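Residue-level structural notes
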Amino acid sequence: MDFEITKEFFIGAGGSLAACVAGILGFSRYWVSGRAANANDRSQVNMLQFLTDELKSTKAENKELRDEIEQRDETIRKYWAEIGETKTSLRLIQESQRHLEEQNTLLKEQIHELTTSNIELMKQVVELRDSLRV
């Protein structure tokens, strides 16, 4: 087996070398794009994980705020109920006070009438005494 280096050998070797270089470049492009895609995928997965964690945190904070608002609303409802009861009690007290004032006025009038009547009776008793002494 003798090797003859001929023009066809160089053409074949050059073609093979060109095909080999093209294959290496193609594979390297595929490999680099695969690494970039993987890096991009990892970045997106990390971002998705971050957003998921933030969403959980925000939901927890939202729940705490809702609970706090519910407690405040309950406190406000209790205050309004107490205010309503207080207003009712105040109205009853005011009505009782007005009624007592009316009774007081009537009693003052009755006392005045009784006093006047008593004075008249005393005058009559004095007159009867005087008339009996005569």
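Placed above this text is the structure.
Presented here is an overview of the structure given in this document. (Residues numbered from 1 in each chain as written. Predicted model: local features only at pLDDT ≥ 70, side-chain atom pairs only at ≥ 80, totals over all residues. Heavy atoms only, no water.)

A few words now on the overall build of the protein chain. Along the backbone of the protein chain there are one helix and zero strands. Relative to its length of 134 residues, the protein chain is extended, with a C-alpha radius of gyration of 56 Å against a globular reference of 14 Å. C-alpha atoms of the protein chain, sized along the principal axes, occupy 190 × 15 × 10 Å. Split into buried and exposed, the 134 residues of the protein chain put 0% on the buried side. Carbon together with sulfur atoms contributes 61% to the accessible area of the protein chain, which is approximately 13,000 Å² in total. Taking the average location of the 18 positive side-chain charges in the protein chain and that of its 23 negative ones, the two points are 1 Å from each other. (Helix = DSSP H or I, 4+ residues; strand = E, 2+ residues; numbered from the N terminus. Rg over C-alpha atoms; globule rule 2.2 N^0.38 Å. Buried < 20%, exposed > 50% of the residue type's maximum accessible area, 1.4 Å probe, protein only. Areas by Shrake-Rupley, 256 points an atom, 1.4 Å probe, with all protein chains shown as cover. Lys, Arg positive; Asp, Glu negative; His and termini not counted. Charge placed at Lys NZ, Arg CZ, Asp CG, Glu CD.)

On to the pattern of salt bridges, then. This structure, assessed with the given rule, holds five salt bridges. For Asp 67, the salt bridge goes to Lys 63, with nearest N and O atoms at 3.2 Å. Note that Asp 67 and Lys 63 are positioned in helix 1 (residues 7-133) at a spacing of four residues, about one turn of the helix. Overall, the relative accessible area of 34% leaves Asp 67 in the partly exposed class. With a shortest N-O distance of 2.1 Å, Glu 95 and Arg 98 are connected by a salt bridge. Of this pair, Glu 95 and Arg 98 both sit in helix 1, three residues apart, roughly one helical turn. Its relative accessible area of 42% is what places Glu 95 among the partly exposed residues. (Salt bridge = Lys/Arg side-chain N within 4 Å of Asp/Glu carboxyl O.)

Moving on, we get to a nonpolar patch on the surface. Together, Phe 27, Tyr 30, Trp 31 and Val 32 line one region of the surface with nonpolar side chains, adding up to about 510 Å² of accessible area. Among the secondary structure elements, Tyr 30 is positioned in helix 1. Overall, the relative accessible area of 61% leaves Tyr 30 in the exposed class. (Patch = residues over 30% accessible without salt bridge, like charges linked within 9 Å, V, L, I, M, F, W, Y side chains within 5 Å.)

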